[in-house]
Amino acid sequence: MSAEGFLEAKNVVFSYVNESEEPPVKNEVLHGVSLSVKKGEFVAVLGHNGSGKSTLAKCFNAINIPDSGTVTVAGMSTADEEKLLEIRKTAGMVFQNPDNQIVATIVEEDCAFALENLGVEPSEIRRRVDEALKTVGMYEYRMHAPHKLSGGQKQRVAIAGILAMKPDCILLDEPTAMLDPRGRKEVMETIKRLNAEQGVTIVLITHYMEEAAQAKRVVVIDGGNILMDGTPREIFPQVEKLKSIGLDVPQATELVWRLRQRGYDLPADIITEEECAEAVFGLFKKSSRERVL
Amino acid sequence: MLKDITLGQFFPGSSPIHKMDARFKLILTVAFIVMLFMAKNKWGLLIGAVFTLMTFLISRIPFTMMWKSIKPIIPLVMFTAVLNLFFVKTGEELFKWKFILITDEGLDTAIFMVSRIVLLIVGSSLLTYTTSPIDLTDAIERLLSPLKRFGVPVHALAMMMTIALRFIPTLLEETDKIMNAQKARGSELDTGSFRDKVKGMIPIFIPLFVSSFRRAEELATAMECRCYHGGEGRTRMKQLHITYIDWIGCIYMAIFIAGVVAANIIIQS
């Protein structure tokens, strides 16, 4: 990670200050985190509650300004107030609760909100709103009221609202945590498509291992420090290490890990269910052949 | 379910009235109210009634909706009618029983006042039937925008209205959930004296307030993330367009106002 990344955090220290107490209590959440994300990457950030993963994401969006260290987005420092709108336009953020991030009473109006704030020409807003809604597959619902939509649909509207700004990067802070399995799938597919087809850099904060396994890179944060950083195939086989910090691994990886512990001969770097089924099937075939012989 | 309530009374459609610019509708509604109060005799009011009926027909709003808008004000209408009927003592006697005296003038005034109130409500509810809350908020923001010069935070007010409209269903749904949660914990919300019922509301409102503040904070962050920085330099996706329909609407209204004025003058002389 030598070259300057698209999102770049260097030795970031961040603490929340509780001012209601006397003297104010300082709670340091990030202890010198360095992370670099290249353009077009799909990074999943894992960590249990309170590990600082959301705090880090908010640093990339200039919502949190680090106490020390620097955060740059496309070369712009988040400490530079002049660049605030530019940074937020470049790195959009989607939050956990879809209800609390939709502003307007009609889907398309909400989608237009960011562009209206930026003072874009009305005809251009119209064009980009339609495009964004089509991208997330919510165009038919453009005249609906948000409260009548399902969780997954609302979250896709929220993504469209960010997408309309044409950001180079989208930060998603546990976007699927409040959704049912179907909604989760809809949102994940949208995210993956954005990354693959439009080359949008994705930083996905999650605690669903199956979602993280779909990313191209996984970063594990624990206690305000980066613990692991690599491809899913490098990270997930380290089952013991992940379990020691209270995280799970994808079910397929866990199954293979347990089988390996019992002495079965299986590859360790299995992360998807298909691979797992294939490997286990191979195992059965081999053992039945051995029995025949 | 609480969730199913419709917001405002908007009745979607594609009539010329629906297509009119919300600003014009707002101004013309005010003109309509002025017209009703200008009418000095029943002929003037009759013109007002014809106008209301015709507008209703043009808007293609079902007449049952008309009744729906009158229903809540029936007590007020009755009160006005009774008051005028019994307390106007001038004119020819129509009916007398002990201390009750009804005169023809009293009857006239009662009918006049009642029709005026009914027309007022029916006519102005047409505005909310044919205009979505969003358009209405927008129209109010634009009509009030000259006040910005005097330091009135017009944009902030309109934004507050929009957010309130957006969150009413969400908070209603949440109230529903909290009520069910409290019922599951054995709180009795529907029984007991009035005092008990009021007391029973406390465990509903406190969680609701707490969650509203949390929502407000999250929404503020989300708005910041979408580059919200107040009304300055803001554009709007939907531009309000003044079309020929709006001018026809103005002429239509002007004809009726002229009719009312004419009725006033002719009957006087």
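Residues numbered from 1 in each chain as written. Chains lettered and ligands numbered in written order. Predicted model: local features only at pLDDT ≥ 70, side-chain atom pairs only at ≥ 80, totals over all residues.

(A) Structural view of the overall build of chain B. The helix and strand tally for chain B stands at 10 helices and two strands. In chain B, the succession of α and β elements from N to C terminus is α-α-α-α-α-β-β-α-α-α-α-α. The C-alpha radius of gyration of chain B comes to 24 Å, more than 25% above the 18 Å expected for a compact globule of 269 residues. Considered along the principal axes of its C-alpha atoms, chain B spans approximately 70 × 55 × 40 Å. Taking all 269 residues of chain B together, the buried fraction comes to 20%. Restricting to contacts in chain B with at least 6 residues of sequence separation, those with at least 24 account for 75%. (Helix = DSSP H or I, 4+ residues; strand = E, 2+ residues; numbered from the N terminus. Rg over C-alpha atoms; globule rule 2.2 N^0.38 Å. Buried ≥ 20, exposed ≤ 12 C-beta atoms within 10 Å, placed from the backbone. Contact = placed C-beta atoms within 7 Å.)

(B) Geometry of the overall build of chain A. Helix and strand counts for chain A come out as 11 helices and 10 strands. The principal-axis extents of the C-alpha atoms in chain A amount to approximately 75 × 50 × 40 Å. The buried share among the 293 residues of chain A stands at 46%.

(C) A look at unusual backbone geometry. Residues and elements named next belong to chain A. In this structure, Lys166 takes a positive phi of about 55 degrees despite not being glycine. Relative to the helices and strands, Lys166 is located in the loop between helix H5 (151–163) and strand S7 (169–173). Given 15 C-beta atoms within 10 Å, Lys166 falls into the partly exposed group.

(D) Quick peek at the pairing of S7 of chain A. All names here are of chain A. Burial analysis of S7 places five of its five residues in the buried class, which makes it a mostly covered element. Neither face of S7 is open: one carries Cys169, Leu171 and Asp173, the other Ile170 and Leu172, and all of them are buried. Alignment of strand S6 (residues 91–94) against S7, held across four bridges, turns out to be parallel. Along S7, the bridge assignment pairs Ala91 with Cys169. Pairing geometry for S7 and strand S8 (residues 201–206), over five bridges, is parallel. Each residue of the ladder has a partner; that of Ile170, found in S8, is Ile202. For the crossover that starts at S7, traverses helix H6 (residues 181–198) and ends in the parallel S8, the hand is right-handed. (Pairing = 2+ DSSP bridges. Right-handed = clockwise from strand over helix to strand, strands pointing away.)

(E) Quick look at the pairing of strand S2 (residues 25–37) of chain A. Residues and elements named next belong to chain A. Where strand S1 (residues 7–18) lies against S2, 10 bridges are found, and the strand directions are antiparallel. Bridged to Val13 within S2 is His31. Between S1 and S2, which pair antiparallel one after the other, the connecting turn spans six residues.

(F) The nonpolar core, seen in detail. Grouped together as the largest cluster of nonpolar side chains are 87 residues, with contacts concentrated most on Ala160, Ala164 and Val203 of chain A. Counting residues in hydrophobic clusters, the runner-up holds 13 residues, among them Met35, Leu36, Leu45 and Ile47 of chain B. (Core = buried A, V, L, I, M, F, W, Y, C linked by C-beta atoms within 7 Å.)

(G) Representation of the interface of chain B and chain A in the model. Contact with chain B, which involves 26 residues of that partner, is made by 33 residues of chain A. Those elements that provide at least two residues to the side of chain B that touches chain A are helix H7 (133–144), helix H8 (154–184) and helix H9 (194–225) of chain B. Ranked by residue count, the leading element in the side of chain B that touches chain A is H9 of chain B, at eight residues. For the side of chain B that touches chain A, the per-class residue count stands at 12 nonpolar, seven polar and seven charged. (Nonpolar A, V, L, I, M, F, W, Y, C, P; charged D, E, K, R; others polar.)

(H) Quick peek at the sheet that holds strand S4 (residues 68–73) of chain A. All names here are of chain A. Strand order in the open sheet made by the four strands is S2-S1-S4-S5, with antiparallel pairing throughout. Two strands bound the open sheet, and with one partner strand each, they are S2 and strand S5 (76–77). Bridge analysis of S1 against S4 gives five bridges, and the strand direction is antiparallel. If you follow Leu7 over to S4, its bridge partner there is Val73.

(I) Structural view of the domain arrangement of chain B. Here chain B is partitioned into domain 1 (2–131 + 242–268) and domain 2 (145–225). Taking only C-alpha atoms into account, the centre of domain 1 of chain B sits 35 Å from that of domain 2 of chain B. (Domains from an automatic or database assignment.)

(J) Examining the sheet that holds strand S3 (residues 42–46) of chain A more closely. Residues and elements named next belong to chain A. Spatially, S6-S7-S8-S3-S9-S10 is the arrangement adopted by the six strands of the open sheet, whose pairing is mixed. Among the strands making up the open sheet, the edge pair consists of S6 and strand S10 (225–230). When the angles between neighbouring strand axes are averaged without regard to direction, this sheet yields 20 degrees. Relative to S10, strand S9 (residues 217–222) runs antiparallel, the two being bridged by five bridges. (Axes fitted to C-alpha atoms, helices over the stretch in contact; angles between N-to-C directions.)

(K) Main features of the confidence of the model for chain B. Residue and element names in this part refer to chain B. Mean pLDDT over chain B: 85, with 96% of residues reaching 70 or higher. Per-element averaging of pLDDT across chain B places strand S1 (residues 93–97) at the bottom with 76 and helix H2 (residues 22–38) at the top with 91. Between residues 1–7, whose pLDDT stays under 50, and residues either more than four places distant or in other chains, the model counts 14 contacts. This prediction of the complex comes with two scores: 0.79 for pTM and 0.85 for ipTM. (pLDDT = per-residue confidence, 0-100.)

(L) View of the environment of Lys53 of chain A. Residue and element names in this part refer to chain A. As for its placement among the helices and strands, Lys53 is situated in helix H1 (residues 53–59). Between the C-alpha atom of Lys53 and that of Asn117, which follows or precedes it by 64 residues, the distance is 28 Å. In contact with Lys53, not counting residues within four places along its chain, are Val45, Gly47, Ile205 and Ile221.

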